[in-house]
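# Topology and contacts: notes
As a plain string of letters, each chain reads:
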Amino acid sequence: MSVANISGAQEVYVYQTSKKTLAVRNCLQLAVWDVFSRIHNPGGKKGKSGKDGREFPSTLRFTAIDIAGKGDNKQASFNLSPKEVRLLFFRLNRLNKPSFEWSADRLHAFKKGQDGRCPMNRLTIQRIEKDSKGEPYRSPWFVKFASGTAVPVERDNGSIMAQRGSWEADSEVSVAMSDDDYFGMLSACTRFLDLWEQAYGIPHLREGDVMCRIAQARASAVDENGCVSIGEDSARAQLIAIAFAIVEQDCQTKPVTTDFNSLVAYFSQLTGKDFSGFKLSPKKATK
């Protein structure tokens, strides 16, 4: 199995030996508009939207392949959030002792089987300086991916976690890396996160800010008793201010103009004044 079949053009980093491959794939997602200031989509109930189709959490997917033989390859994946990737890089840069250990679990409670167990993935990262004979490892970092099942239990706060002692592993893939290779992987990942947030996060924040202003204008047009609380002059002034912000911040995208044009029609209906001249069209992308 080639690396291209796993992650294609979305690969952020690839580490490969004669028998093992560890690839990092871009699975980042912008936050839905309800929580746009987070930049990265949190997933779960807060990260789902029927409008734009974004429902999965923003992650980098780490996939390991053990090329054991023809037709007998083992593969395992684990999704790390941007926060977790940066935390690992932060801890690496401040590592003041030869040993290190970190682990994380992902319980997929929505895929509960008839036996009451749910799929679960586990990632364990260790740095072990010497082997059992006291000899130093050339590749002291061990990144182990494990997939299996566990019994879900609900905590008092409503969250779901794996019952203690219920974890059963089905398969494991372990990749050994040198200090330089492990540093290079996390360095490439954090650099990609920085560039992605600059490329997509800044425009996203601008659009979210304008869409909040549109929502606030709509909400304030009618009071708590359902009575119209906006006049013709006030409606015109708000539309001018929002339209100016859209153009000035260069966020004349389809979602923004759709919401703005809906506000124009709403204000026209409330005031009896035709404001259709304020409608905007999405700005065509420049080549």
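Everything in this summary refers to the structure shown in the same document. (Residues numbered from 1 in each chain as written. Predicted model: local features only at pLDDT ≥ 70, side-chain atom pairs only at ≥ 80, totals over all residues. Heavy atoms only, no water.)

What follows concerns the overall build of the protein. A count of helices and strands for the protein gives five helices and ten strands. The globule rule puts the C-alpha radius of gyration for 287 residues at 19 Å, and the 25 Å found for the protein is more than 25% above it. By the burial criterion, 37% of the 287 residues in the protein qualify as buried. In the protein, the proportion of contacts linking residues at least 24 apart, taken out of those at least 6 apart, comes to 58%. Per element, the accessible surface of the protein, about 17000 Å² overall, is 48% carbon and sulfur. Distance from the positive charge centre (40 side chains) to the negative charge centre (33 side chains) of the protein: 2 Å. (Helix = DSSP H or I, 4+ residues; strand = E, 2+ residues; numbered from the N terminus. Rg over C-alpha atoms; globule rule 2.2 N^0.38 Å. Buried < 20%, exposed > 50% of the residue type's maximum accessible area, 1.4 Å probe, protein only. Contact = heavy atoms within 4.5 Å. Areas by Shrake-Rupley, 256 points an atom, 1.4 Å probe, with all protein chains shown as cover. Lys, Arg positive; Asp, Glu negative; His and termini not counted. Charge placed at Lys NZ, Arg CZ, Asp CG, Glu CD.)

Within the largest apolar cluster, 35 residues are counted, with the highest numbers of intra-cluster contacts made by F62, M177, Y182 and M185. Sorting elements by how many residues they give to this core places helix 3 (residues 179-220) first, with six residues. For M185, the residues in contact, after removing those within four places along its chain, are Y13, L22, V24, F62 and M177. The next biggest cluster of nonpolar side chains, apart from the first, holds 22 residues, and it includes A217, A235, L263 and L280. (Core = buried A, V, L, I, M, F, W, Y, C linked by side-chain atoms within 4.5 Å.)

Within the structure shown, the criterion is met by zero disulfides. You can see C189 has no disulfide; the closest cysteine sulfur is in C27, sitting 12 Å from it. Overall, the relative accessible area of 0% leaves C189 in the buried class. (Disulfide = S-S within 2.5 Å.)

This part takes up the pairing of strand 1 (residues 11-16). Across five bridges, the pairing between strand 1 and strand 2 (residues 20-27) is antiparallel. Within strand 2, the residue paired with Y15 across the bridge is L22. As consecutive antiparallel partners, strand 1 and strand 2 are separated by three residues. (Pairing = 2+ DSSP bridges.)

This part is about the sheet that holds strand 5 (residues 100-107). Spatially, 5-6-7-10 is the arrangement adopted by the four strands of the open sheet, whose pairing is antiparallel. At either end of the open sheet lies a strand with only one pairing partner, and these are strand 5 and strand 10 (168-177). When strand polarity is set aside, the average angle formed by the axes of neighbouring strands in this sheet is 15°. One ladder, built from ten bridges, connects strand 6 (residues 118-127) with strand 7 (residues 141-150); its direction is antiparallel. Across the sheet, I125 pairs through a bridge with V143, a residue of strand 7. Here helix 3 sits on the sheet and contacts strand 5, strand 6, strand 7 and strand 10; the angle it forms with strand 10, its principal contact strand, is near 110°. (Axes fitted to C-alpha atoms, helices over the stretch in contact; angles between N-to-C directions.)

Before going further, it helps to spend a moment on empty space enclosed by the protein. If a probe as big as a water molecule is rolled over the atoms, it shows which places are left empty. Going through the model one piece at a time under the given rule, you end up with one cavity of 30 Å³ or more. For the largest cavity, the calculated volume is near 50 Å³. Considering the residues around the largest cavity, the lining is formed by F62, L80, L88, L123, I125, V143, F145, Y182, M185 and L186. At the level of secondary structure, the elements contributing two or more residues to the lining of the largest cavity comprise strand 6, strand 7 and helix 3. At three residues, the largest contribution of residues to the lining of the largest cavity is made by helix 3. (1 Å grid on protein atoms, 1.4 Å probe; cavity = no way out; pocket = protein on both sides within 12 Å on 5 of 7 lines; lining within 4 Å. Points joined across faces, edges and corners; volume = space filled by probe spheres on them.)

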